[in-house]
Amino acid sequence: MEIEETAIPEIKILTPKKFGDHRGFFSEVWNERTLTDAGLNLQFVQDNHALSAEVGTLRGLHYQLDPAAQGKLVRVIRGAVLDVAVDIRVGSPTFGQHVAVELSAENWRQLWVPRGFAHGYCTLQPNTELVYKVTDYYSPDHDCGIFWNDPAIGIDWPVAPEKVILSEKDTVLPVLQDQTRLFDFEEKT
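Residues numbered from 1 in each chain as written. Predicted model: local features only at pLDDT ≥ 70, side-chain atom pairs only at ≥ 80, totals over all residues. Heavy atoms only, no water.

### A look at the pairing of strand β11 (residues 110-113)
1) Next: Burial along β11 is two-sided: the residues Gln110 and Trp112 and Leu111 and Val113 are all buried.
2) Next: In terms of strand pairing, strand β2 (residues 12-15) meets β11 through three bridges, oriented antiparallel. Considered in β11, the bridge of Ile13 is made with Leu111. (Buried < 20%, exposed > 50% of the residue type's maximum accessible area, 1.4 Å probe, protein only. Helix = DSSP H or I, 4+ residues; strand = E, 2+ residues; numbered from the N terminus. Pairing = 2+ DSSP bridges.)

### As for the sheet that holds strand β14 (residues 143-145)
1) Next: Taken in spatial order, the five strands make up an open sheet running β10-β8-β12-β6-β14, and their pairing is antiparallel. Only two strands of the sheet have a single partner each, and these edge strands are β10 (98-104) and β14. Recorded for the sheet is a direction-independent mean angle of 25 degrees between the axes of neighbouring strands. (Axes fitted to C-alpha atoms, helices over the stretch in contact; angles between N-to-C directions.)

### Observations concerning the pattern of salt bridges
1) Next: What the rule picks out here adds up to nine salt bridges.
2) Next: For Glu129, the salt bridge identified is with Arg78, shortest N-O distance 2.7 Å. Here Glu129, found in strand β13 (residues 128-134), pairs with Arg78, found in strand β7 (residues 72-78); they are 51 residues apart in sequence, far enough to count as distant.
3) Next: Given a relative accessible area of 16%, Glu129 falls into the buried group.
4) Next: Where salt bridges share partners, they join Glu10, Asp87 and Arg89 into one cluster. (Salt bridge = Lys/Arg side-chain N within 4 Å of Asp/Glu carboxyl O.)

### Regarding the environment of Arg109
1) Next: By the element assignment, Arg109 lies in the loop between β10 and β11.
2) Next: Residue Arg109 is classed as partly exposed on the basis of its relative accessible area of 22%.
3) Next: Among residues more than four places away in sequence, those in contact with Arg109 are Glu4, Ile13, Leu14, Thr15, Val74, Arg75, Val101, Glu102, Leu103 and Ser104. (Contact = heavy atoms within 4.5 Å.)

### Section: the side chain of Asp170
1) Next: Here Asp170 is to be found in helix α2 (residues 168-171).
2) Next: In this structure, Asp170 is buried with no salt-bridge partner, the nearest side chain bearing the opposite charge being Lys169 at 5.1 Å.
3) Next: In this structure the side chain of Asp170 is engaged in a polar contact, spanning 3.2 Å, whose partner is the backbone nitrogen of Gly60.
4) Next: For Asp170, the side chain forms a polar contact with the side chain of His62, separated by 2.7 Å.
5) Next: When neighbours within four sequence positions are excluded, Asp170 is seen to be in contact with Leu58, Arg59, Gly60, His62, Phe147 and Trp148. (Lys, Arg positive; Asp, Glu negative; His and termini not counted. Polar contact = N/O pair within 3.5 Å; in protein donor to acceptor, adjacent residues only side chain to side chain.)

In structure tokens, the structure reads:
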């Protein structure tokens, strides 16, 4: 598995190897030992599968607070998305900054989004399907979000604001500056 660094060191791009022939392919998309050897000690408790039917469907920017904070390993199995992680750790040198990566069934990349980051994505193709592993269970009491088009974050989404397809919940989320429930940055020494 190839593991790439991003502009925010905690966020990683993982690209599993594919072995194929005329019958199809095989790919080991997650291996605990491989990731542990790379410094990613992850324990997943749940797999999620999401379908977005239309291009321009945007989900996010979502996160859960402690004690139910989630890390996510996201991949696309059909179609393509612009996948985004935003640092929401108060005191972090990259607070409010984001990483945006195209994930597709074709490029086979995965994005590791650790706890302390808001996550969202926008579909680039119709009938896009994502699967993602999470490190904690869904908890409605700890569920939070940030407005998808917060100008202070400055995400260059691939859809015009008037054409974006959002859930009702995502239309009323606060911007980062007005968010009262975030994470504290824990500097590693």
